[in-house]
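So the chains spell out like this:
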Amino acid sequence: MKCEPAAYTIDDLARDGRTSWEGVRNYQARNFMRDEMQIGDGVLFYASNADPSGVTGLAEIVRAGYPDHFAWTNGHKYHDEASSQEAPVWYMVDVGFVERFPATLPLDLLKSTMGLESMMVTQKGSRLSVQPATKAEYDIVARLGHKLRSAP
């Protein structure tokens, strides 16, 4: 899951403990949240448009997909007239903090790591804010983050 540091960071999630991941307005990303994310699924927290952009820590899904009520809240920045309580268009999930890495795992490192060649975030033009990762990809990234902790 990607978020710009100006909006929300892994440190914000550590402080809050959990948060809703609302405001996603891309149908493919919405479908991932609505249909595929389940309680207990691991999340790679990715800082986008950062210096460097990359994975800053781990989170987990603590509430599976449910309607994004901000879509039908008049005056809210995520309001969408096409969405209603009776026929929601947009969905969100809740994520909980797991850990912050000692440093960001930059995109260049992810691109050059064996086993991550097919990971969606490493593909050219991959801009979705919510992207699937396989368990193997998640485990590789988590190991990389843990290596930072044990580095001299």
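Residues numbered from 1 in each chain as written. Predicted model: local features only at pLDDT ≥ 70, side-chain atom pairs only at ≥ 80, totals over all residues. Heavy atoms only, no water.

(A) Structural detail: the pairing of strand β5 (residues 91–106). The pairing of strand β2 (residues 18–21) with β5 spans four bridges and is antiparallel. When the sheet's bridge partners are listed, Thr19 is paired in β5 with Val95. Strand direction decides the pairing type here: strand β4 (residues 54–67) and β5, joined by ten bridges, are antiparallel. If you follow Ile61 over to β5, its bridge partner there is Val95. (Pairing = 2+ DSSP bridges. Helix = DSSP H or I, 4+ residues; strand = E, 2+ residues; numbered from the N terminus.)

(B) Main features of unusual backbone geometry. Cis geometry is adopted by the peptide bond preceding Pro52, which originates at Asp51 and carries an omega value of 5°. In this structure, Pro52 sits in the loop between β3 (42–47) and β4. The phi angle at Asn49 is positive, at roughly 50°, despite the residue not being glycine. With respect to the secondary-structure elements, Asn49 resides in the loop between β3 and β4. By relative accessible area, Asn49 is classed as exposed at 62%. (Buried < 20%, exposed > 50% of the residue type's maximum accessible area, 1.4 Å probe, protein only.)

(C) Here's a closer look at the nonpolar core. Judged by nonpolar contacts, the single largest core of 19 residues is most densely connected at Met1, Trp21, Met33, Val93, Val95 and Val130. For this core, the elements supplying multiple residues, two or more each, are α1 (10–16), α2 (27–36), β3, β4 and β5. In terms of residue count, α2 provides more of this core than any other element does, three residues in total. Listed in part, the 15 residues of the second largest apolar core include Tyr46, Leu58, Leu110 and Val121. (Core = buried A, V, L, I, M, F, W, Y, C linked by side-chain atoms within 4.5 Å.)

(D) The sheet that holds β2, seen in detail. Ordered by their spatial adjacency, five strands build an open sheet running β1-β3-β4-β5-β2, and the pairing between neighbours is mixed. Every interior strand has two partners, whereas the edge strands, β1 (2–3) and β2, have only one. In terms of strand pairing, β1 meets β3 through two bridges, oriented parallel. In the strand pairing of β3, Lys2 is matched with Tyr46. Taken strand by strand, α2 contacts β2, β4 and β5, and its axis lies near 105° from that of β5. (Contact = heavy atoms within 4.5 Å. Axes fitted to C-alpha atoms, helices over the stretch in contact; angles between N-to-C directions.)

(E) Just the pairing of β3, in detail. A large share of β3 lies buried, amounting to five of its six residues. Here β3 pairs with β4 via six bridges, running antiparallel. Bridge pairing in β4 places Tyr46 opposite Val55. Counting the residues that bridge the hairpin from β3 to β4 gives six residues, and of these Asn49 lies at a positive phi of roughly 50°.

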